[in-house]
2 protein chains.
Amino acid sequence: MREVAVIGTGMVHFGELWEKSLRTIWAEAAVAALEDAGVDTVDHITVGCMSSGLFVGQEHLASLLADELGMAGVSAVRLESACASGGLAIRAGFAEIAAGLADVVLVTGVEKMTDVDGADATYALGTAADHEWEGFHGITFPGLYAMLARVHMSRFGTTRNQLAAVAVKNHANGLNNPNAQYRMKVTLEDVLNATLVADPLGLLDCSPITDGAAALVLASAETARRLKPGHPVVRITGSGMATDTITLANRPDLAELRAVRLAGERAYAMAGRKPSDLHVVEVHDCFSIAEIMATEALGLFPPGQGGPAVEKGLTAIGGPIPVNTSGGLKSKGHPVGATGVAQAVEIVSQLRGEAGERQVKGARVGLAQNMGGSGGSSTVHILEVE
Amino acid sequence: MREVAVIGTGMVHFGELWEKSLRTIWAEAAVAALEDAGVDTVDHITVGCMSSGLFVGQEHLASLLADELGMAGVSAVRLESACASGGLAIRAGFAEIAAGLADVVLVTGVEKMTDVDGADATYALGTAADHEWEGFHGITFPGLYAMLARVHMSRFGTTRNQLAAVAVKNHANGLNNPNAQYRMKVTLEDVLNATLVADPLGLLDCSPITDGAAALVLASAETARRLKPGHPVVRITGSGMATDTITLANRPDLAELRAVRLAGERAYAMAGRKPSDLHVVEVHDCFSIAEIMATEALGLFPPGQGGPAVEKGLTAIGGPIPVNTSGGLKSKGHPVGATGVAQAVEIVSQLRGEAGERQVKGARVGLAQNMGGSGGSSTVHILEVE
């Protein structure tokens, strides 16, 4: 299996981008990554996108986008696993290079969510749940995660304030990310007093509806060293993917995100790494409870200790294991198909030492964890700089 | 790059399967392939599906289906490139094994198209065209292919009778395929006298709306030899994928399916094969003109000779290069995401000598060509038996 490196990154400023179309924001992120990599052709393109069919009435997405970039002819694929679609795009690009099928791959994620009204967006996002067993009965994602939060609180004593601490930390980090959708400080009181969405989750426990795109250029490690002599090479050393039941009703235990644990175990095994080797981590904080559960499933903390950890500042920048330095989905925004790729953009930025005000000093090993639905799928990638 | 073999195949009887859901037909095909392979666990699952979001209100499909099979936990991905989604699922499974990321992969394709009414199905299929430049103006796929047919007739003198000959041949082949949706003989007169859909294409020049699922089990060639000692090993020796502009307006030449030519060239190069090495071929005959153009783009005949070839019987079973022995999309049916996988099921059946009444004698090298939209994407796989 050939070694795979990241040689370029790009993303757009996440937000409500009403004046731009899906193809436009995608091309902006792609061109930024190609410019950063210093290449103008690629062998293959991967596109992570959850539901361009429901959000903008467009499938056949990878061909459309390859053409938009002036690259019609190149091989190009779209991958979908709800909000983990971006993570799958990374894994698919990784596999093409590892197999020797391609040498340079443009890996992208995109979602244009604000071209439909709120109810249609909620319907589209709801298709990440089991339509026949969950969606049909009227539940949407805040309700599903609220149930996970209630189980976690009941089982481990996780508190409302610990949930809120996730939002406070991530908004503090996002203040220093120029590409974040919501660059605003929020206090514990702000979170606790925000409109209730699904008890115990309030508005500031929830990630927003976002338009956005992000991109990476991957290459074989040899090619990376040839194209960028003298630059530190950031390699993807571990790639893990796992599924779980997408309906909560089928799970034996709601206090654990099993897909995250399995994907993490697979990525750690491939990379020959363990949680204590990590210097910086991005996890999928679509809701505040998700970050707490993801940090536990990845082995950063024992089960039940994720809440106390964030409250004590262990996952803040400057703490022993900074989590979501980018601001996370909470502050940076959550264009669902783009999220997994944007997480990797942040980790690469940290490993290159280019993260500015939110830089984690001496970061050499990072991890990005992306998740679909209420934990029905997850990808984990481990990245390391030489 | 490791060698990849097909060790099991399965599919459901294609048709209007109103009494069954997407997950049910998918599981039936998957279980059939696993039983044929003699395995009950896999390392990875790929799912080709164009638009479960628009057809059945369900994304996050690969996790849902892994769970349906009792395999929640396994890594699983969905791939989309409109009607070429099945071909992408094959390529993605191939890449995982070639890279050494997996040893046994369940490759599947599925589409449940009859749970929405005809207008909604036409809208969903229309998302394979460029929504902003084609769909918005009201054109749907019969119209797009009718334009390709008119250009081909004008450039090369392709005749109405040659188009009709495709339908006559494929229905004759489908009569002998127990899984085909429309097992009925059609005559030249039937095709010529059928309701006009988009001049020059009539109803019998068009593939139908279909529910269906198909599956393959892939394994490394070593594992294939170990699991099935004494059985002939069918290997995938070439895998090519290419895009083209999805809007016809952006193409320099409408008389050629460039994505098919490029995907074919890539697959031939990987396999070290040329068109004259092939014994049996499945092409993407979503409309009669598509088969003629695909056989030319794959180099089976020179440009402009695809029409005369089918009229002369060169592509019939018993002719020098049998095309669409399964009945093709025309007779077998076209559940869009399943089609690419079902084509490979047919080729494996031929190479194993298990195709019954439609067996091509001595077939040892076969090719399957799958296509998205009006040629905006294509995959080509070459399969060989030892």
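Residues numbered from 1 in each chain as written. Chains lettered and ligands numbered in written order. Predicted model: local features only at pLDDT ≥ 70, side-chain atom pairs only at ≥ 80, totals over all residues. Heavy atoms only, no water.

Asker: When you look at the packing of helix H4 (residues 85-98) of chain A against helix H4 (residues 85-99) of chain B in this model, what are you seeing that I'm missing?
Answerer: Helix packing geometry: the angle between the two helix axes and the distance between the axes. Packing of H4 of chain A against H4 of chain B brings their axes to within 8 Å, and their N-to-C directions diverge by 55°. With respect to each other, H4 of chain A and H4 of chain B are oriented oblique. Read as a crossing pair, H4 of chain A and H4 of chain B show a hand that is left-handed. Contact residues: H4 of chain A offers Arg91, Ala95, Glu96 and Ala98 of chain A, while H4 of chain B offers Arg91, Ala95, Glu96 and Ala99 of chain B. Class assignment for the residues of the contact of H4 of chain A with H4 of chain B results in four nonpolar, no polar and four charged. (Axes fitted to C-alpha atoms, helices over the stretch in contact; angles between N-to-C directions. Helix = DSSP H or I, 4+ residues; strand = E, 2+ residues; numbered from the N terminus. Parallel < 35°, antiparallel > 145°, perpendicular 65-115°, else oblique. Left-handed = near helix turned anticlockwise from the far one by under 90°. Contact = heavy atoms within 4.5 Å. Nonpolar A, V, L, I, M, F, W, Y, C, P; charged D, E, K, R; others polar.)

Asker: How should I be thinking about the pairing of strand E8 (residues 234-243) of chain B in this particular structure?
Answerer: Side chains on a regular strand alternate between the two faces of the sheet. Residue and element names in this part refer to chain B. Burial runs high along E8: ten of the ten residues are buried. Two elements, strand E1 (residues 4-11) and E8, share three bridges in a ladder whose sense is antiparallel. Bridge pairing in E8 links Val6 to Val234. Relative to strand E11 (residues 377-385), E8 is paired through nine bridges, and the arrangement is antiparallel. Residue pairing in the sheet places Gly238 in a bridge with Ile382 of E11. (Buried < 20%, exposed > 50% of the residue type's maximum accessible area, 1.4 Å probe, protein only. Pairing = 2+ DSSP bridges.)

Asker: How should I be thinking about the side chain of Thr325 of chain A in this particular structure?
Answerer: Residues and elements named next belong to chain A. Counting through the fold element by element, Thr325 comes out in the loop between helix H12 (306-311) and helix H13 (328-332). Look at Thr325 and you get buried, because its relative accessible area is 0%. Here the side chain of Thr325 touches Gln350 through a polar contact of 3.1 Å, side chain to side chain. Excluding anything up to four places from it in sequence, Thr325 contacts Asn173, Val280, Glu282, Ile317, Glu346, Gln350, Arg358 and Val360. (Polar contact = N/O pair within 3.5 Å; in protein donor to acceptor, adjacent residues only side chain to side chain.)

Asker: What is the right way to read the domain arrangement of chain A from this model?
Answerer: Think of interface size as the accessible area that goes away when the parts come together; that is how it is often given. All names here are of chain A. You can read the domains of chain A as domain 1 (4-117 + 210-227) and domain 2 (137-204 + 237-385). Using C-alpha coordinates to define each centre, domain 1 is positioned 23 Å away from domain 2. Listed by partner, the interface residues are 39 residues for domain 1 and 32 residues for domain 2. Across the domain 1 to domain 2 interface the summed buried area is about 2,600 Å²; carbon plus sulfur atoms make up 66%. At the boundary of domain 1 with domain 2, the tally comes to one salt bridge. Taken together, the elements giving at least two residues each to the side of domain 1 that touches domain 2 come down to strand E1 (4-11), H4, strand E4 (104-111) and strand E7 (212-220). A per-element tally of the side of domain 1 that touches domain 2 places H4 first, with seven residues. The class makeup of the residues in the side of domain 1 that touches domain 2 is 20 nonpolar, 14 polar and five charged. (Domains from an automatic or database assignment. Buried area = accessible area lost by both parts, 1.4 Å probe. Salt bridge = Lys/Arg side-chain N within 4 Å of Asp/Glu carboxyl O.)

Asker: Where do I start with the pattern of salt bridges in this structure?
Answerer: Note on pairing: side chains with opposite charge can pair once their charged atoms come close. Residues and elements named next belong to chain A. By the definition in use, this model includes 56 salt bridges over all chains. Of the charged contacts, one joins Lys20 and Glu28 as a salt bridge, the two residues approaching to 3.2 Å between their closest N and O atoms. Taking the shortest distance from any N to any O, the salt bridge between Asp211 and Lys112 comes out at 3.1 Å. Placement of the pair is Asp211 in the loop between strand E6 (201-202) and E7 and Lys112 in the loop between E4 and helix H5 (118-126), with a sequence separation of 99 residues. With respect to class, Asp211 is no different from Lys112; both count as buried. Residues joined by salt bridges that share partners form a network here, namely Glu3, Arg225, Arg235 and Glu386.

Asker: How should the interface of chain A and chain B be read in this particular structure?
Answerer: Every contact between the two is made by 60 residues of chain A and, on the other side, 60 residues of chain B. Interface area, chain A with chain B, both sides summed: about 4,400 Å², of which 51% is carbon and sulfur. Counting across the interface, chain A meets chain B through eight salt bridges. In this structure, Asp130 of chain A and Arg23 of chain B form a salt bridge, with 2.8 Å as the shortest nitrogen-oxygen distance. Summed over the shared surface of chain A and chain B, the number is 34 residue pairs in polar contact (both at pLDDT 80 or more). Put simply, the parts of the chain that give the side of chain A that touches chain B at least two residues each are helix H2 (52-56), helix H3 (61-68), strand E3 (75-80), H4, strand E8 (234-243) and helix H10 (258-271) of chain A. Tallied by class, residues from the side of chain A that touches chain B come to 29 nonpolar, 19 polar and twelve charged. Bridging between E3 of chain A and strand E3 (residues 75-80) of chain B involves three bridges; their strand directions are antiparallel. Its bridge partner being in E3 of chain B, Glu80 of chain A is matched across the sheet by Arg78 of chain B.

Asker: Where do I start with the side chain of Glu346 of chain B in this structure?
Answerer: All names here are of chain B. Here Glu346 lies in helix H14 (residues 336-351). By relative accessible area, which is 4% here, Glu346 ends up buried. Each residue touching Glu346, except ones within four places of it in the same chain, is listed here: Asn177, Glu282, Thr325, Ser326 and Arg358.

Asker: Where do I start with the pairing of strand E11 (residues 377-385) of chain A in this structure?
Answerer: All names here are of chain A. In terms of burial, E11 is a largely internal element, nine of the nine residues being buried. By the alternation rule, side chains of E11 split into Ser377, Thr379, His381, Leu383 and Val385 and Ser378, Val380, Ile382 and Glu384, which are all buried. In the sheet, strand E10 (residues 365-372) pairs with E11 via eight bridges, with the strands oriented antiparallel. Residue pairing across strands places Asn370 opposite Thr379, the latter belonging to E11. Between E10 and E11, which pair antiparallel and follow one another directly, the connecting turn spans four residues, one of which, Gly373, has a positive phi of 60°.

Asker: Honestly, the relation of the copies chain A and chain B in this entry has me stumped. Any pointers?
Answerer: Mapping one chain copy onto the other needs a rotation about an axis and a shift along that axis. The transformation that overlays chain A on chain B combines an axial shift of 0.0 Å with a rotation of 180°, and the residual RMSD is 0.0 Å. These values place the two chain copies in the arrangement generated by a two-fold rotation axis. Considering only C-alpha atoms, the part of chain A nearest the rotation axis is Ala99 of chain A, at 1.8 Å. Same-surface contact between copies: 100% of interface residues of chain A are shared with the interface of chain B. (Least-squares fit on C-alpha atoms with pLDDT ≥ 70 in both.)

Asker: Explain the environment of Ile97 of chain B here, please?
Answerer: Residues and elements named next belong to chain B. Structurally, Ile97 is set in helix H4. Exposure remark for Ile97: the relative accessible area of 0% places this residue in the buried category. Counting along the chain gives 122 residues from Ile97 to Ala219, while the straight-line C-alpha distance between them is 6.9 Å. In contact with Ile97, other than residues within four places in its own chain, are Arg2, Glu3, Val4, Ala102, Asp103, Val105, Leu218, Ala219 and Ser220.

Asker: Can you help me understand the confidence of the model for chain A in this one?
Answerer: Caution is warranted with low-pLDDT regions, since their predicted coordinates should not be read in detail. Residues at a pLDDT of 70 or more form 100% of chain A, whose mean pLDDT is 97. Per the prediction output, this complex has pTM 0.97; the corresponding ipTM is 0.96. (pLDDT = per-residue confidence, 0-100.)

Asker: When you look at H3 of chain A in this model, what are you seeing that I'm missing?
Answerer: Every α-helical turn comprises 3.6 residues, leaving residues that sit three or four positions apart pointing alike. All names here are of chain A. With seven of eight residues buried, H3 is to be regarded as a mostly interior element. Three or more residues of H3 are buried, namely Leu61, Ala62, Ser63, Leu64, Leu65, Ala66 and Asp67. Gly70, located one to two residues past H3, shows a positive phi value of around 75°.

Asker: Would you explain the state of the cysteines in this entry?
Answerer: Here, disulfide denotes a covalent bond that connects the sulfur atoms of two cysteines. Counted under the stated rule, the structure contains zero disulfides over all chains. Free cysteine: Cys49 of chain A, not disulfide-bonded; nearest cysteine sulfur from Cys83 of chain A at 11 Å. Unpaired in this structure, Cys83 of chain B has its nearest cysteine sulfur neighbour in Cys286 of chain B, at a distance of 6.7 Å. Owing to a relative accessible area of 10%, Cys83 of chain B belongs among the buried residues under this scheme. (Disulfide = S-S within 2.5 Å.)

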